[in-house]
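This is what each chain is made of:
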Amino acid sequence: MKTAEEKLKDFDAYIESEEKIEPKDWMPDEYRKTMIRQLSQHAHSEVIGMQPEGNWVLRAPSLRAKKILLAKIQDEGGHGLYLYSAAETLGISRDEMIEQLHSVKAKYSSIFNYPALTWADIGAIGWLVDGAAIVNQISLQRTSYGPYSRAMVRICKEESFHQRQGYEIMTTMMNGTAEQKEMAQDAMNRWWWPSLMMFGPPDNESAHTKQSMQWKIKRESNDVLRQRFIDKTVDQAHFIGITVPDKNMKFNESTQHWEISPIDWEEFKQVISGNGPCNHKRLSHHIKVHKQGKWVREAALAFSKNQQKNKATLFTN
Amino acid sequence: MSTTDNQLPLWEVFIQSKSGTPHKHAGSIHASDKNMALENARDIYTRRGEGRNIWVVLSDQIAASKTEDEAEFFDPADDKVYRHPSFYKVPDGVKNM
């Protein structure tokens with residue numbers, strides 16, 4: 001029998017050689033805990049993220065736009081389910097995760113605590129929020145936990161449609177009337193900074209980064225990913241004539257990177273600690289719908305039991 | 001961990017993408033019976049024509065070998081190089097073998 005110390009050494013070496021950890025493999029408790037926290041937070045974000053967009057299904061400006069939005073929301077629900085399944089392989093039940101969400105023990109991305117006020121917000125969410133998520137998720141395709149990595153590969157394939165549909169909305173509006181342009185710019189002004197906060201606190205203040213990087217749970221740091229998103233997105237903004245709401249932003253010729261003004265981390269802290277514009281709304285809606293679905297789950301189980309009983313009777317006769 | 005799970009039983013999903021290819025594990029879903037499992041698997045894993053056929057099986061019905069026993073479990077095949085064609089010498093000039 002190997003000692004705990006030897007097991008940990010083997011585990012670290014296994015990760016170092018870029019092998020993937022699978023559900024039944026031995027893993028340190030801390031790795032399991034971190035992975036459950038990250039996976040459930042990611043899953044909750046996908047599911048809660050359906051709400052700001054759902055707000056616009058009945059008000060989409062055309063049938064085409066409505067069909068696209070519905071497909072996108074359905075994808076987000078699917079992504080949540082892939083990720084819940086991946087988390088369940090670590091020994092936590094779906095029920096427990098939902099309970100943790102409802103009791104605010106588990107978090108979801110703070111971005112979804114902002115409201116989607118106009119149709120342009122649907123454009124900004126697809127372009128900026130999904131754009132930021134893609135940068136993060138591409139990096140996570142190489143995460144060390146097998147089920148998480150495979151879910152990321154699938155999600156990345158589907159997300160690129162999300163970003164393009166958002167950018168298409170923004171492009172259309174920037175080519176439209178003065179009022180439409182103003183709406184697009186207003187959405188940009190409200191979503192730009194929260195999108196940058198999606199990557200989490202700066203590296204020197206991130207509580208989990210170091211250990212997560214060592215275990216290859218995270219492959220790149222918050223600041224590296226954030227910068228990659230900024231560089232991509234600023235060019236896309238300029239292309240359609242939309243202004244990045246940061247007067248002091250400048251291009252650094254020697255590093256070839258866009259340099260932004262300091263991020264207001266106080267706002268971020270306020271929103272993750274429950275004081276964002278929609279925290280209460282998002283959570284209470286999820287709780288309400290979950291309770292409403294209880295009888296459906298119970299009826300489905302009762303139906304399945306009856307079916308089995310009927311089959312058993314059929315054979316004994 | 002939890003004893004009050006009311007999220008319906010867990011199933012594993014295997015998808016065949018094209019005729020003639022093997023079914024491949026895609027992920028898992030929750031469902032109360034076989035029909036719901038197939039429909040949920042379709043809605044979760046094949047929204048973009050990824051499959052032409054789906055198998056679902058209750059997760060607790062699957063037996064799996066252990067990765068930590070990998071070496072000893074698979075070692076019966078380790079010393080049988082003669083199972084590979086490259087083990088054999090074929091005289092120069094012999095073709096189509």
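Because the structure is a prediction, the values reported are computed rather than measured. (Residues numbered from 1 in each chain as written. Chains lettered and ligands numbered in written order. Predicted model: local features only at pLDDT ≥ 70, side-chain atom pairs only at ≥ 80, totals over all residues. Heavy atoms only, no water.)

## Section: the sheet that holds strand 2 (residues 24–30) of chain B
Residues and elements named next belong to chain B.
- The strand order across the open sheet formed by three strands is 2-1-3, and the pairing between neighbours is antiparallel. The strands lining the two open edges of the sheet, one partner per strand, are strand 2 and strand 3 (53–58). Direction aside, the axes of adjacent strands within the sheet are offset by 30 degrees on average.
- Note: strand 1 (residues 10–16) against strand 2, six bridges, orientation antiparallel. Looking at the pairing, Glu12 lines up with Ser28 of strand 2.
- Where helix 1 (residues 34–45) meets the sheet, it contacts strand 1, strand 2 and strand 3, and its direction lies at approximately 115 degrees from that of strand 2. (Pairing = 2+ DSSP bridges. Helix = DSSP H or I, 4+ residues; strand = E, 2+ residues; numbered from the N terminus. Axes fitted to C-alpha atoms, helices over the stretch in contact; angles between N-to-C directions. Contact = heavy atoms within 4.5 Å.)

## Some thoughts on helix 2 (residues 29–48) of chain A
- For helix 2 of chain A, which comprises 20 residues, the first-to-last C-alpha distance of 28 Å matches the rise-based estimate of 28 Å (1.5 Å per residue) to within 8%.
- The element helix 2 of chain A is extensively covered by neighbouring structure, given that 14 of its 20 residues are classed as buried. (Expected span 1.5 Å × (residues − 1). Buried < 20%, exposed > 50% of the residue type's maximum accessible area, 1.4 Å probe, protein only.)

## Some thoughts on a nonpolar patch on the surface
- A cluster of nonpolar side chains, namely Val81, Tyr82, Phe87 and Tyr88 of chain B, defines an oily patch on the protein surface of about 430 Å² accessible area.
- The class for Tyr82 of chain B is partly exposed, based on a relative accessible area of 41%. (Patch = residues over 30% accessible without salt bridge, like charges linked within 9 Å, V, L, I, M, F, W, Y side chains within 5 Å. Areas by Shrake-Rupley, 256 points an atom, 1.4 Å probe, with all protein chains shown as cover. Salt bridge = Lys/Arg side-chain N within 4 Å of Asp/Glu carboxyl O.)

## Structural notes on the packing of helix 6 (residues 119–140) of chain A against helix 8 (residues 178–197) of chain A
All names here are of chain A.
- At their nearest, the axes of helix 6 and helix 8 sit 9 Å apart, and the two run at 30 degrees to each other. As far as their axial angle goes, helix 8 and helix 6 are roughly parallel. By crossing handedness, the relation of helix 6 to helix 8 is classed as right-handed. In contact with Trp119, Ala120, Asp121, Ala124, Ile125, Trp127, Leu128, Val129 and Ala132 of helix 6, helix 8 contributes Met183, Ala184, Ala187, Met188, Arg190, Trp191, Trp192 and Ser195.
- When grouped by side-chain class, the residues that make up the contact of helix 6 with helix 8 number 14 nonpolar, one polar and two charged. (Parallel < 35°, antiparallel > 145°, perpendicular 65-115°, else oblique. Left-handed = near helix turned anticlockwise from the far one by under 90°. Nonpolar A, V, L, I, M, F, W, Y, C, P; charged D, E, K, R; others polar.)

## A short note on the confidence of the model for chain A
- Taken residue by residue, chain A gives an average pLDDT of 94. The fraction at 70 or more is 99%.
- Taken element by element, the predicted model of chain A shows its lowest mean pLDDT in helix 13 (residues 294–316) of chain A (85) and its highest in helix 8 of chain A (98). (pLDDT = per-residue confidence, 0-100.)

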